[in-house]
Amino acid sequence: MSNEKTLVLVKPDGVQRGLIGDVIGRLEKTGLKIVGLKLIKINDELAGKHYAEHKEKPFFEGLVKFITSSPVVALVLEGNNAISVTRKTMGSTNPVDSPPGTIRGDFAIDLGRNIIHGSANETDAKREVDLFFDENELSQYSRSNDEWITE
Ligand code: DAT
Ligand code: MG
């Protein structure tokens, strides 16, 4: 068990479809703490850096076009196992393989319109949080119910 930060994006499809509240609500209810939050339009440069690992993939161009097409909500979640808890709450990359009860399973039907991004591992999480947020945009605070969430 370790305290981690992870980057989440409500992608352009989630924003356009009015799912910001549902997506954030599900993540919030896990007990993870929101320590950064903003609505931004991703440009080509940021998209290229964010999706650098996919540069050579045939779907890269479409992915960048999609993620830059309309604003996203970027958030940083913090808590024990924040990365894996968020990935579990999101579901699988392809919504078709994502079970009911997961964000992608409940709200999406297409691989290229899968509503949400969440960092895949610790290295990616650190890189992605730094890419999207300045240090002064992140808040450190405690909640009155923290002891009812984490032992
Ligand atoms: P994830 O978003 O679950 O971390 P990923 O990092 O492998 O998945 O891919 C990033 C995004 O790219 C993914 O959310 C949707 C899109 N994508 C992945 N594989 C794809 C494919 N074969 N065809 C089209 N889009 C794809
Ligand atoms: Mg990924």
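Q: Please give an account of the overall build of the protein that cites residues and values.
A: Regarding its fold elements, the protein presents seven helices and four strands. Reading the helices (α) and strands (β) of the protein from amino to carboxyl end gives β-α-α-β-α-α-β-α-α-β-α. What you see for the protein is a C-alpha radius of gyration of 15 Å, in line with the 15 Å of a compact globule of 151 residues. Here the protein holds 151 residues, and 47% of them are scored as buried. Across the protein, contacts joining residues at least 24 apart in sequence account for 76% of those joining residues at least 6 apart. Averaged over its 19 positive side-chain charges, the protein has a centre that lies 4 Å from the centre of its 23 negative ones.

Q: Can you tell me about the sheet that holds strand β1 (residues 3–10), naming the residues and giving the values?
A: With antiparallel pairing, the four strands of this open sheet are ordered in space as β2-β3-β1-β4. Edge positions in the open sheet fall to β2 (33–40) and β4 (116–118), since each of these has one partner strand only. In this sheet, adjacent strand axes meet at a mean angle of 20° when their direction is disregarded. Along the sheet, helix α7 (residues 122–132) contacts β1, β2, β3 (72–80) and β4; its crossing angle with β1, the most-contacted strand, is approximately 60°.

Rules used throughout
- Residue numbers run consecutively from 1 along every chain, following the written order of its sequence.
- Chain letters start at A and ligand numbers start at 1, both assigned in the order the entries are written.
- Note on the predicted model: pLDDT of at least 70 is required for a residue's local features to be given, and 80 or more for side-chain atom pairs to be given and counted; whole-chain, interface and lining totals, by contrast, use all residues.
- Hydrogens are left out, water is left out, and the side-chain values use all remaining heavy atoms of the structure.
- We count a stretch as a helix when DSSP gives it H or I for four or more residues in a row; a strand needs E for two or more, and each element gets its number in order from the N terminus.
- Each radius of gyration reported is based on C-alpha atoms, and the globular scaling rule is 2.2 Å times the count of residues to the power 0.38.
- Whether a residue is buried, partly exposed or exposed follows from its accessible area with a 1.4 Å probe, protein chains only, as a fraction of its type maximum: under 20%, in between, or over 50%, in that order.
- In this description, contact between two residues means that some pair of their heavy atoms is separated by no more than 4.5 Å.
- Within this scheme the basic residues Lys and Arg register as positive and the acidic residues Asp and Glu register as negative, but His and the chain ends are omitted.
- Charge positions are represented by NZ for Lys, CZ for Arg, CG for Asp and CD for Glu.
- What makes two strands pair is DSSP finding at least two bridges between them.
- For helices, the axis comes from a line fit to the C-alpha atoms of the stretch in contact; other axes are also lines fit to C-alpha atoms, and the angle between any two N-to-C directions lies between 0 and 180 degrees.

So, to be careful, I would describe these as geometric facts and stop short of saying anything about function.
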